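# Analysis of the macromolecular model
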Amino acid sequence: MHMNEPQKRFLILGEVFTDVHLDISQSPLRLGGIFHSARAFSAINCDYALAAIAPRYLYENVQKFGNELNAQQTFIVGEINGAPNIMNIQESAENGDQGYNDILRGEAEVAVYHQQLIQIIEEYKPSDILIYPGKYSIEHTFPAFENFNGNLHIDVQYGIKSLEKMISYNFKFSTIILSTSSTLFEQYNFSVTNLVGSTLGANTNSFLLKENRGGSTYYDTKEQTWQEAPAFKTETVHSVGVGDCFNAVFLSQQGQRTNGLALKIASYIAMLYASTFVFEEFKDLILNLNFNDIEKLPAKRLSWGEREKHHIYIAGPDFPDIDTRLIEELHDNLKYHNFIPHRPVVENGIITGSEPEEQQQVAFQKDIALLEKSSVLIAVILNDDPGTYVEIGYMAKSGKPVIVFDPYKQVRNLFLKKSADFIVHSMNELIDTVFSVLGKKDFDPIEKYDALLLASGGLDSTVLAYKLLAEGKKIMPVFLRYGQHFADTEFNTLLDVLPPKLLSHIKVINIEDIFKGSKSRMIKEPNLWLDEVSADDLYLPYRNLLFLSIASSVAQTMGIGEVYSAFINSNHAKEIDCSKEFFDKLSGMLSEYGTVQIEMPFRDFSKADVIKLGIDLDVPIAHTYSCQANSTTPCGVCPNCVDRLAGFESFQETNINSGR
């Protein structure tokens, strides 16, 4: 087993809880809060100490279990009155929302002994402090941190206000840690790219995002590089404190190994933590583990962003006269994990057979459309429903995965058994199976980029993204916010149309102040009922020069040799920096005085050529967005829309004439 370097010493600061698992009758009561990280540090033999805030009745247990878990020192640095610090947990395995309830949280009064915390830091001399915010006032810890020169890490699962207060006092972090179920992630619209592009990036060296059951993402704000790690499958007994275990292991391994391997080791050990409540069992599983072997172990990756690409068809008797609580629970759980579940009866209506034939046909076609766009079907067997069996057969014939959820173990029919890819009996097993089916095998993270792509969610840049990916390029898409009124629509479209494996690699650059005050209709949205919009109205001075200069600067800084733009000659724009001659001169200058080469593979293409290539590459071109005059729906009259429509007409004529 790997032993940590002696100079790495952690101090864990936060509250101690008594965890109560309401959904598991035989689960033990055990100390939670900072003790989850403590168990991980103990199991991997990492030096650490505890700075605990707890109700007085827990003091003796805190000291006792701190000693049993080999904490080098255990300190009480705060007292909680008015609340027992009992954490009731409704959904232990995190199949969906876990339903945490900190009993009498609102009645708590917390005193923090900051002088003692100062003394602890001076005497123990930790290299790293891992902060878990809670009910205590974070300001009371500031005197202890003011002279601390080590690494500060903060887990903001529920501590947004604490993070904001620390930033307002100019504290800098080595790591801001969060999960996909955290309020901070929700605040940034559940987007990792929004998070790393926010002002928080100026206050931390890195972000660590734990993506429940699907792996993790790490972003280095200095190097502007991404690392991803997969998840390992286990029979999940619980998910409580698993993220805290992950934190401890990753931070202990960071610096000694590559970030990618540290993430993978943390993921594997967190999986072991989820497999048992018993610390001795957890420690024994790690005892003979060679951390370097983890690199070779099979795992799967299903990022948060990729999940929303997967529609899931829920088949079952979803009718008013049936107890459909399991179907509702499944639907909510899948949404919690960012999939797109469909209940066809709810979405398309109930058909009893007495409706007009036309209405029945419409409902039937809608159900077929849902089946066609879904990645997987889950059949919930509540009774002997013939419609469910037909849907199973249709999906099986299509070659898509079929999961039969048989909670009451009613499935006996041989044909049904053989038509299903998986038969499961519990919600926990079902959610695990969904991740297993949709997760990517042989995960290969992009560690070094060889191409930077200016990406907008438009037709041309999206087709180019697919083309470069097909050629084996390791791409970093760059999205520029330059004050365009349609920026949100562009960015949301980009997330929808970009190849899923590129989503976590998007870099957002904000340069809105440059064109602030411009009268261009790209900045100030026109009223299309009243205003005519010409190419001149959309003019922004040196826009392309600015974009390519920024992209080239980023590329050279990151050691990327090629900058790709999807510029084509059919553009109507009148800017002087929008000609083939200009791009040739700029590319020559950049390559002569730097290391970056500008590449424009479409410069001699027509719009119809791009459309044809997009169809050949199976690009979702219908979902791209090119309009520059309207921020919500394509106007059809601005130069970009005119180019787009003309391109489709030309493509159609060419294919009709060629007999295709």
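Before reading on, note that the structure itself is shown above.
Notes on the structure follow. These numbers come from a predicted model, not from an experiment.

### Things to note about the side chain of Asp-244
Relative to the helices and strands, Asp-244 resides in helix α8 (residues 242-253). Buried and unpaired, Asp-244 has Lys-210 as its nearest opposite-charge partner, separated by 4.8 Å. If sequence neighbours within four positions are ignored, Asp-244 has contacts with Gly-33, His-36, Ser-37, Tyr-132, Asp-155 and Lys-210.

### Here we look at a negative patch on the surface
Judged by side-chain charge, Glu-68, Glu-280, Glu-281 and Asp-284 come together as a negatively charged surface patch. The biggest single contributor to the negative patch is helix α10 (residues 279-287), with three residues. Of the residues examined, Glu-280 reaches a relative accessible area of 52% and is grouped as exposed.

### Regarding the packing of aromatic side chains
Inspection of every chain in the model, using the stated rule, returns 18 aromatic pairs. Taking 5.8 Å as the distance between ring centres and 85 degrees as the angle between the ring planes, the aromatic pair formed by Phe-185 and Phe-190 counts as edge-to-face. Arranged with centres 6.4 Å apart and planes meeting at 55 degrees, the rings of Phe-279 and Phe-282 form a pair that is tilted. On the criterion of helical spacing, the pair formed by Phe-279 and Phe-282 is a turn pair, its members being three residues apart in helix α10. With relative accessibility at 14%, the residue Phe-279 sits in the buried group. Taken together, the ring pairs connect Phe-142, Phe-145, Tyr-169 and Phe-171 into an aromatic cluster. Taking NZ or CZ as reference, Arg-9 lies 3.9 Å from the ring centre of Tyr-124, over its face. Taking NZ or CZ as reference, Arg-481 lies 5.7 Å from the ring centre of Phe-491, over its face.

### A closer look at the sheet that holds strand β4 (residues 48-54)
Across the sheet, which stays open at both edges, the ten strands sit in the order β8-β5-β4-β1-β9-β10-β11-β12-β13-β14 with mixed pairing between neighbours. Edge positions in the sheet fall to β8 (109-112) and β14 (225-229), since each of these pairs with one other strand and no more. Taking the axes of each pair of neighbouring strands and ignoring which way they run, one obtains an average angle of 15 degrees across the sheet. When strand β1 (residues 10-15) meets β4, the two strands line up parallel, connected through six bridges. Bridge pairing in β4 links Gly-14 to Ala-52.

### Side note on the sheet that holds strand β15 (residues 311-315)
Within the open sheet, the five strands sit side by side as β16-β15-β17-β18-β19. Their pairing is parallel. With one partner strand each, in any of the chains shown, β16 (340-342) and β19 (422-424) form the two edges of the open sheet. Mean inter-strand twist for the sheet, computed between neighbouring axes without regard to direction, equals 25 degrees. Note: strand β17 (residues 374-380) against strand β18 (residues 402-405), four bridges, orientation parallel. Bridge pairing in β18 places Ala-379 opposite Val-404. Helix α12 (residues 325-336) contacts β15, β16, β17 and β18 of the sheet and is inclined by roughly 175 degrees relative to β15.

### Thoughts on the pairing of strand β13 (residues 215-220)
Among the six residues in β13, six count as buried, and that is most of the element. Residues Gly-215, Thr-217 and Tyr-219 line one face of β13 and the alternating positions Ser-216, Tyr-218 and Asp-220 line the opposite face, and both faces are buried. Between strand β12 (residues 206-211) and the antiparallel strand that follows it, β13, lie three residues; Arg-213 among them carries a positive phi value of about 70 degrees. Sheet analysis places β13 next to β14, joined by five bridges and oriented antiparallel. From the neighbouring strand, Tyr-219 faces β14, where its bridge partner is Trp-226.

### Concerning the nonpolar core
Ile-131, Met-166, Leu-184 and Tyr-482 are the most contacted members of the largest nonpolar core, which totals 83 residues. When residues in this core are grouped by element, the largest group, seven residues, is from helix α20 (residues 543-558). Ignoring any residue separated from it by four or fewer positions in sequence, one finds Ile-131 in contact with Leu-13, Tyr-136, Ile-138, Phe-145, Leu-152, His-153, Ile-154, Asp-155 and Met-166. Ala-52, Leu-208, Ala-270 and Met-271 belong to the second-largest nonpolar core, a separate cluster that totals 55 residues.

### Describing the environment of Lys-474
Residue position: Lys-474 is located in the loop between α18 (459-470) and β21 (475-481). Its relative accessible area of 38% is what places Lys-474 among the partly exposed residues. Separated by 311 residues in sequence, Lys-474 and Leu-163 place their C-alpha atoms 34 Å apart.

### A closer look at the packing of helix α1 (residues 35-43) against α8
Where α1 contacts α8, the axes come no closer than 7 Å and their chain directions differ by 40 degrees. Relative to α8, the element α1 is oriented oblique. Along this stretch, α1 crosses α8, giving a crossing that reads as right-handed. Packed against α1, whose contacting residues are His-36, Ser-37, Ala-40 and Phe-41, the element α8 presents Asp-244, Cys-245, Ala-248, Val-249 and Ser-252 at the interface. Residues of the contact of α1 with α8, tallied by class, amount to five nonpolar, three polar and one charged.

### What to know about helix α22 (residues 607-616)
Taken residue by residue, α22 has Lys-607, Ala-608, Val-610, Ile-611, Leu-613 and Gly-614 as its buried positions. Of the residues flanking the end of α22, it is Asp-618, one or two places downstream, whose phi is positive at about 60 degrees.

### Description of the pattern of salt bridges
Under the defined criterion, the tally for this structure stands at 19 salt bridges. Among the ionic pairs, Lys-210 bridges to Asp-155, the shortest N-O distance being 3.1 Å. One end of the pair, Lys-210, is in strand β12; the other, Asp-155, is in strand β10 (residues 151-155), and 55 residues separate them in sequence. The pair Lys-210 / Asp-155 is uniform in exposure class, with both members buried. In this structure, the salt-bridge partner of Lys-516 is Asp-513, at a minimum N-O distance of 3.1 Å. As far as burial versus exposure is concerned, Lys-516 and Asp-513 are alike and both exposed. Ionic contacts of the salt-bridge type, sharing partners, join the residues Glu-15, Asp-102, Arg-105 and Lys-135 into one network.

### Focus: the packing of α8 against helix α9 (residues 259-274)
The N-to-C vectors of α8 and α9 enclose an angle of 145 degrees; their axes lie 8 Å apart at closest approach. The handedness of the crossing between α8 and α9 comes out as right-handed. For the pair formed by α8 and α9, the contact residues are Val-242, Cys-245, Phe-246, Val-249, Phe-250 and Gln-253 on the first element and Asn-259, Ala-262, Leu-263, Ile-265, Ala-266, Ser-267, Ile-269, Ala-270, Tyr-273 and Ala-274 on the second. When its residues are assigned to classes, the contact of α8 with α9 shows 13 nonpolar, three polar and no charged.

### Examining unusual backbone geometry
For Asn-70, which is not glycine, the phi dihedral falls at a positive 65 degrees. Here Asn-70 is to be found in the loop between α2 (59-68) and β5 (73-81). Although it is not a glycine, Arg-213 sits at a positive phi angle of roughly 70 degrees. Mapped onto the secondary structure, Arg-213 falls in the loop between β12 and β13. Assessed through its relative accessible area of 21%, Arg-213 is described here as partly exposed.

Conventions and cut-offs
- Residues numbered from 1 in each chain as written.
- Predicted model: local features only at pLDDT ≥ 70, side-chain atom pairs only at ≥ 80, totals over all residues.
- Heavy atoms only, no water.
- Helix = DSSP H or I, 4+ residues; strand = E, 2+ residues; numbered from the N terminus.
- Buried < 20%, exposed > 50% of the residue type's maximum accessible area, 1.4 Å probe, protein only.
- Lys, Arg positive; Asp, Glu negative; His and termini not counted.
- Salt bridge = Lys/Arg side-chain N within 4 Å of Asp/Glu carboxyl O.
- Contact = heavy atoms within 4.5 Å.
- Patch = residues over 30% accessible without salt bridge, like charges linked within 9 Å, V, L, I, M, F, W, Y side chains within 5 Å.
- Areas by Shrake-Rupley, 256 points an atom, 1.4 Å probe, with all protein chains shown as cover.
- Charge placed at Lys NZ, Arg CZ, Asp CG, Glu CD.
- Phe/Tyr/Trp six-rings, centres within 6.5 Å; stacked < 30°, edge-to-face > 60°.
- Lys NZ or Arg CZ within 6 Å of the ring centre and 35° of its normal.
- Pairing = 2+ DSSP bridges.
- Axes fitted to C-alpha atoms, helices over the stretch in contact; angles between N-to-C directions.
- Core = buried A, V, L, I, M, F, W, Y, C linked by side-chain atoms within 4.5 Å.
- Parallel < 35°, antiparallel > 145°, perpendicular 65-115°, else oblique.
- Left-handed = near helix turned anticlockwise from the far one by under 90°.
- Nonpolar A, V, L, I, M, F, W, Y, C, P; charged D, E, K, R; others polar.

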